[in-house]
Amino acid sequence: MLRYALGRILLAVPLLFGLSVLSFVYVRLIPGDPVTAMLGVNSNPTVVAQLREQFGLDRPLLGQYGDWLAGVMRGDFGVSFRSQLPISTIIVDRIPATLQLAGAGLVVSLLIAIPAGVAAGMRPGSRLDSLITSATLFGLAVPAFFLGTLLMLFFSLKLNLVPSQGYVPFADDPAQSLRLTVLPALTLGLAISPYLARLTRSAVLETAQEPFVPFARAKGLAPRKISIGYVLRNALPSLVAALGLTVASLMAGSIVVEALFNWPGTGRLVTGAVTERDYAMVEALLLIYGGLFIAVNLACEIAQSLLDPRVRLT
Amino acid sequence: MTAPAAVLVTEPRAVGRRRTPLLTVVGAILGLLVLLTIVIGPWLIGKDPYAIDVGNRFAGPSAAHWLGTDELGRDVASRIAHGARATALIALGAVALATAIAIPLGVLTGFLGGWVDLVVTRVVDLFFAIPSLLVAIGVVGLFGPSLTTTILALGLSYWPFYTRLIRAAVVGIRSRPYVDAARVLGASRLRVIRTDILTGLVPLVLVQTTVLLGFAILDEAALGFLGLGVQPPQASWGSRLAESREFILAHPELALVAGVPIVLAVFAMNLLSDSLRDRLDAKRTG
């Protein structure tokens, strides 16, 4: 087990290295240079030169990369071109909000997608299956921000059940914080659930073809026991692996949902950094989002091998 | 035609869903509707989507303005119909770009194998590690938001996933007996690629084109919503959403009108790709 996990981690190292090079090169690809791009063409040349020196942009590329990477290893992503504050402080401040939204969204989507996917996958071709499949195809067509707008209009403006926008840290006022989380989490969860339901359906469908299913049926086990105890349990390893890929839609979804609900998470930073041309920030966010995606998928692969030791042999 | 004998034979339960063709019909009708909007919509409505009429802001639907007017008194129906053209152009451009990268790379790596495969696959893995919306946002950051940038951004965010699919399909086709037969008969590599591999990819590419067109419409709208897509006042479905967002509390109907065409167009693409997948059984090659 340890050997398998170590092997997987070693495979991720070159990927992370490549990602760091890519994020670094990205900022240097900008036509002109980041400081001029930020200040505008008509900016004072002395100020530009001063800023370039301050950000180390006038030094050889390899040296810049080495210093930047060494800093990243220590958790230091440099200084935001825009606000002059350390990037790591800005990002760390935003993480709780994003985690709260992503966590709640993931729970909502699992609660919808797993039952729907299992029900559809256990009886392929049934009326329930075609209903769920059509709903999934429709759900995939609804943009997250459009869904969020509808929910906001209905639940907060018409019924006045929950506040429409805003964020309060959970530690400050738990009840209000949760009330404010309802709509964004519902939006994010509903937006992702069609993907998850599809993945669940195909994993369950595949497992349901295994010979142990008719055997369990012949033994006289209750259908519920077969679908949950036998099929879902055996589909779980491939589901966990697929869940890792869903994290990408979770990240993309949270960027949009945070913009819609004015939620001060890292997703807002992404949009803000690009519109404000804060390239040091874009660089850091690319690396963090990509790194997180790699790490989550790594964790999912290891979890998969714990659930199904056969994976380790392939 | 009936086959009574089939009833007596106990067959295993069908693996796929036995689709009611109803969904395909719905998809085709919706798709046709979208196509009509793109082709004759602007002409049919016959209004200038950029004509500002400040005295007539936020007007409800009327004979003069079928879907009312927006925050600048512009005709909403006309903006949607003209926007459909921009959105269609972006979606087609983005899918064409992704396909133009994915097919050569996928065929090269899947067919040749060896170190080319190893190197390219690592690069694909690397780009795959960045969520596609983030890649798109990154490209917009480089070139600044515009229609051309949106095409580039979406095309570049789809190729890693698409290259993976093509490569897997090529590996599958390469090991088929008819490919071996062709090689034994002395066909050159280029000929095998042209006559066996590329033709074998057609079902997969057809299905993926419809799938990606749907994605591209959604992502164009998402970029527009974030203010990183086509820039107002230029009409597109994404920019229409971005504009309506500012008045969402006072005039939610504008956001609804902006969102519905997107939902219908993408739903049509999803239905069509799903029935294409069933019909062509792209899974067998992909």
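Residues numbered from 1 in each chain as written. Chains lettered and ligands numbered in written order. Predicted model: local features only at pLDDT ≥ 70, side-chain atom pairs only at ≥ 80, totals over all residues. Heavy atoms only, no water.

Naming follows an unreviewed UniProt entry, where chain B appears as Nickel ABC transporter permease of Acrocarpospora macrocephala. Per UniProt, the comment on chain B under Sequence similarities (unreviewed entry) is "Belongs to the binding-protein-dependent transport system permease family." Its UniProt record gives chain B a comment under Subcellular location (unreviewed entry), which states: "Cell membrane". (UniProt positions renumbered as here; feature names shortened; annotations may be inferred.)

Going by an unreviewed UniProt entry, chain A carries the name ABC transporter permease and comes from Acrocarpospora macrocephala. Quoted verbatim from the Subcellular location (unreviewed entry) field of the UniProt record, the comment on chain A reads "Cell membrane". Per UniProt, the comment on chain A under Sequence similarities (unreviewed entry) is "Belongs to the binding-protein-dependent transport system permease family."

Peer 1: Would you explain the overall build of chain B in this entry?
Peer 2: Across its full length, chain B holds 10 helices and zero strands. Reading the secondary structure of chain B in the N-to-C direction produces α-α-α-α-α-α-α-α-α-α. Burial statistics for chain B: of 286 residues in total, 50% are counted as buried. Considering only contacts in chain B between residues 6 or more positions apart, those separated by 24 or more positions represent 71%. For chain B, the accessible surface area stands at approximately 13,400 Å², while carbon and sulfur atoms represent 69% of it. (Helix = DSSP H or I, 4+ residues; strand = E, 2+ residues; numbered from the N terminus. Buried < 20%, exposed > 50% of the residue type's maximum accessible area, 1.4 Å probe, protein only. Contact = heavy atoms within 4.5 Å. Areas by Shrake-Rupley, 256 points an atom, 1.4 Å probe, with all protein chains shown as cover.)

Peer 1: Explain the domain arrangement of chain A here, please?
Peer 2: Frequently, the measure chosen for interface size is the accessible area that the parts lose on association. For chain A, the domain assignment lists domain 1 (2-73) and domain 2 (90-275). The straight-line distance from the C-alpha centre of domain 1 of chain A to that of domain 2 of chain A is 35 Å. (Domains from an automatic or database assignment.)

Peer 1: I would appreciate a short explanation of the interface of chain A and chain B in the present structure.
Peer 2: Between chain A and chain B, the contact holds 49 residues from the first and 46 residues from the second. In total, chain A and chain B occlude about 4,100 Å² of area from one another, counting both sides; carbon and sulfur atoms represent 79% of this. Of all residues in chain A, L137, F145 and F146 of chain A bury the most surface against chain B, accounting for 14% of the area lost on that side. Counting every contact that joins chain A to chain B gives one salt bridge. With a closest N to O distance of 3.0 Å, R198 of chain A and D274 of chain B form a salt bridge. At the surface where chain A touches chain B, the tally comes to four residue pairs in polar contact (both at pLDDT 80 or more). (Buried area = accessible area lost by both parts, 1.4 Å probe. Salt bridge = Lys/Arg side-chain N within 4 Å of Asp/Glu carboxyl O. Polar contact = N/O pair within 3.5 Å; in protein donor to acceptor, adjacent residues only side chain to side chain.)

Peer 1: I tried to follow the UniProt feature "transmembrane region" (unreviewed entry) in chain A on my own but got confused; where do I start?
Peer 2: Residues and elements named next belong to chain A. Annotation from UniProt places "transmembrane region" (unreviewed entry) at residues 9-29, 101-122, 134-157, 177-197, 239-261 and 281-300. For residues 9-29, helix accounts for 95% and strand for 0%, while the C-alpha atoms at its two ends are 30 Å apart. The distance separating the terminal C-alpha atoms of residues 239-261 is 30 Å; by composition the span is 100% helix and 0% strand.

Peer 1: Explain the pattern of salt bridges to me, please; I cannot follow it from the model alone.
Peer 2: Proximity of charged atoms lets side chains of opposite charge pair with each other. One pass over the structure, following the stated rule, counts nine salt bridges over all chains. Linking D125 of chain B and R164 of chain B is a salt bridge whose minimum nitrogen-to-oxygen distance equals 2.7 Å. Remark: R164 of chain B occurs in helix α6 (residues 147-174) and D125 of chain B occurs in helix α4 (residues 114-128); sequence separation between them is 39 residues. When its relative accessible area of 37% is taken as the criterion, R164 of chain B is described as partly exposed. Shared partners join several salt bridges into a network, and the residues in it are R198 of chain A together with D274 and R277 of chain B.

Peer 1: Before we go on, may I ask you to explain the packing of aromatic side chains in this structure?
Peer 2: Residues and elements named next belong to chain A. The full count for this structure, using the stated rule, is 10 aromatic pairs over all chains. An angle of 80° between the planes, with centres 6.5 Å apart, marks the rings of F17 and Y65 as edge-to-face. One end of the pair, F17, is in helix α1 (residues 2-28); the other, Y65, is in helix α4 (residues 61-73), with 48 residues separating them in the sequence. A centroid spacing of 6.3 Å and a plane angle of 45° characterise the contact between Y65 and W68, whose relative ring orientation is tilted. Remark: W68 and Y65 occur in helix α4; sequence separation between them is three residues, near one turn of the helix. For the residue pair Y65 and W68, the accessibility class agrees, reading buried in each case. Through pairs of rings, three or more aromatic residues link up here, namely F17, F24, Y65 and W68. (Phe/Tyr/Trp six-rings, centres within 6.5 Å; stacked < 30°, edge-to-face > 60°.)

Peer 1: I would appreciate a short explanation of the UniProt feature "transmembrane region" (unreviewed entry) in chain B in the present structure.
Peer 2: Residue and element names in this part refer to chain B. The UniProt entry lists residues 22-45, 88-114, 126-159, 197-218 and 254-273 under the feature "transmembrane region" (unreviewed entry), expressed in the numbering used here. In residues 22-45, the share of helix is 100% and the share of strand is 0%. The end C-alpha atoms are 31 Å apart. Counted over residues 126-159, helix gives 82% and strand 0%. Its end C-alpha atoms are 12 Å apart.

Peer 1: Before we go on, may I ask you to explain the nonpolar core in this structure?
Peer 2: For soluble globular proteins, the rule of thumb is that nonpolar side chains tend to be buried together. Residues I137, I166, I197 and L201 of chain B are the most contacted members of the largest nonpolar core, which totals 141 residues. The dominant element in this core, judged by the number of residues it contributes, is helix α8 (residues 189-225) of chain B, at 15 residues. When residues of this core are assigned to domains, at least three fall in each of domain 1 (2-73) and domain 2 (90-275) of chain A. Setting aside its immediate chain neighbours within four residues, I137 of chain B contacts I255, V270 and V274 of chain A together with L223, L226 and L228 of chain B. Counting residues in hydrophobic clusters, the runner-up holds 11 residues, among them M122, A203, V213 and L239 of chain A. (Core = buried A, V, L, I, M, F, W, Y, C linked by side-chain atoms within 4.5 Å.)

Peer 1: Whenever I open this one, the UniProt feature "domain: ABC transmembrane type-1" (unreviewed entry) in chain B confuses me. Can you help?
Peer 2: In the numbering used here, UniProt assigns the "domain: ABC transmembrane type-1" (unreviewed entry) feature to residues 84-273 of chain B. Secondary structure across residues 84-273 of chain B divides into 84% helix and 0% strand, with the first and last C-alpha atoms of the span separated by 20 Å.

Peer 1: Sorry, what's going on with the confidence of the model for chain A here?
Peer 2: Detailed reading of the predicted model is not advised wherever pLDDT is low. Taken as a whole, chain A shows an average pLDDT of 84; of its residues, 96% reach a score of 70 or greater. Mean pLDDT values for the elements of chain A range from 68 in helix α2 (residues 34-39) of chain A up to 90 in helix α5 (residues 87-122) of chain A. (pLDDT = per-residue confidence, 0-100.)

Peer 1: What is the right way to read the environment of A299 of chain A from this model?
Peer 2: Assignment of secondary structure puts A299 of chain A in helix α12 (residues 279-307). Residues A299 of chain A and P115 of chain A lie 184 residues apart in sequence; the distance between their C-alpha atoms is 24 Å.

Peer 1: Quick question: what am I supposed to make of the packing of helix α10 (residues 223-261) of chain A against helix α5 (residues 132-143) of chain B here?
Peer 2: Two quantities define a packed helix pair, namely the angle between the helix axes and the distance between the axes. Contact geometry for α10 of chain A and α5 of chain B: axes closest at 7 Å, N-to-C directions at 60°. Judged by the inter-axis angle, α10 of chain A sits oblique to α5 of chain B. Only L133, L134 and I137 of chain B of α5 of chain B make contact with α10 of chain A, whose side of the interface consists of A252, I255 and V256 of chain A. Residues of the contact of α10 of chain A with α5 of chain B, tallied by class, amount to six nonpolar, no polar and no charged. (Axes fitted to C-alpha atoms, helices over the stretch in contact; angles between N-to-C directions. Parallel < 35°, antiparallel > 145°, perpendicular 65-115°, else oblique. Nonpolar A, V, L, I, M, F, W, Y, C, P; charged D, E, K, R; others polar.)

Peer 1: Would you take a moment to explain α4 of chain A for this structure?
Peer 2: Working note: α-helix, 3.6 residues per turn, so residues spaced by three or four point in the same direction. Residues and elements named next belong to chain A. An ideal rise of 1.5 Å per residue puts 18 Å on 13 residues; α4 measures up with 18 Å between its terminal C-alpha atoms. Buried within α4 we find Q64, Y65, W68, L69, G71 and V72. Take α4 and look down its axis: the buried residues cluster within an arc of 160°, on one side only. Residues of α4 that are exposed and angled more than 90 degrees away from the buried face: L62 and M73. Looking at the packing, one finds that the buried side of α4 touches α1 and α12. With its phi angle positive at about 85°, G75 sits one or two positions after the end of α4. (Expected span 1.5 Å × (residues − 1). Arc of directions from axis to C-beta.)

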